[in-house]
Amino acid sequence: KEGLVITAIIHGSPADTWNRIADIDRVICVGDVIVACNDQEINMNATNLEDCNGEAVVKCMREPAEVHVLRIAKTGPRWHIFGDTAGCIEKMNFLADQGVFLELVQGDATGVDDDTLVNQSELKVLTRNQKLLVFFSVLIPNALTIILWSAMGVGFSIFGTFFPSSNNMLGNLLVFLATIIVLNMYLVDWHRWESMAQRGITLLVVIYVGCMG
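Residues numbered from 1 in each chain as written. Predicted model: local features only at pLDDT ≥ 70, side-chain atom pairs only at ≥ 80, totals over all residues. Heavy atoms only, no water.

**Q** Got a minute to help me understand the pattern of salt bridges in this structure?
**A** Between side chains of opposite charge, pairing is possible as soon as their charged atoms come close. A full pass over the atoms with the stated rule returns two salt bridges. A salt bridge links R20 to D16; the nearest nitrogen and oxygen atoms lie 3.3 Å apart. Of the two residues, R20 and D16 are both situated in helix 1 (residues 14-21); the distance of four residues between them amounts to about one turn of the helix. Two residues, R71 and E41, come together in a salt bridge whose shortest N-O distance is 2.7 Å. Placement of the pair is R71 in strand 4 (residues 70-73) and E41 in strand 3 (residues 40-41), with a sequence separation of 30 residues. For R71, a relative accessible area of 43% puts it in the partly exposed group. Assessed through its relative accessible area of 44%, E41 is described here as partly exposed. (Salt bridge = Lys/Arg side-chain N within 4 Å of Asp/Glu carboxyl O. Helix = DSSP H or I, 4+ residues; strand = E, 2+ residues; numbered from the N terminus. Buried < 20%, exposed > 50% of the residue type's maximum accessible area, 1.4 Å probe, protein only.)

**Q** I tried to follow the nonpolar core on my own but got confused; where do I start?
**A** Within soluble globular proteins, side chains that are nonpolar tend to cluster in buried spots. Ranked by size, the top nonpolar core spans seven residues in total: I6, I28, I34, C37, I42, V57 and C60. Looking at this core, the elements that each hand over two or more residues are strand 2 (33-37) and helix 2 (54-62). Setting aside residues up to four positions removed in sequence, I34 forms contacts with G3, L4, I6, I42, V57, M61, R71 and I72. (Core = buried A, V, L, I, M, F, W, Y, C linked by side-chain atoms within 4.5 Å. Contact = heavy atoms within 4.5 Å.)

Listed below in structure tokens is the structure:
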């Protein structure tokens, strides 16, 4: 009484041809319901199958005509035309049209291929010396960074030795100069320069001037 349920899309049928050219939100899917054909419409208020006008709708679709106007309710599932699954199915259909057929193999319930499984006995356990080496490899660089270059250590003293406060204006000038160069690079379409060497040298100059500032 709700309409004629579409149970299959036959390859090469008008519905299949329509699906190949229609927008994704207008694709006909299995489970959709035909509610009208031209001027014949399913009677939703019918209390029995004889009064729902289903036979008249089917007869209208079978009649020869240049155009049949169908009204279809999108009640069928559409997981196969959206997202990653839809992309895979589209590629498989394209390969099938080219004569390449893929065999679908059911995987393990765990979803893990046997080739990806790792035998626990093959894993190497770090020795005590290796663990100490890893520990100090991480500790020493971080400790030196904190002591020499941060406010927690002597970072301010080191920066003050190499870059006294009297050079503050010079640093601001260099940063301003680097900014002007970047703006000019944008204006002259730096990213479209044909010479890779020119682009690389210009980029290095800007980075160097900015870091010095």
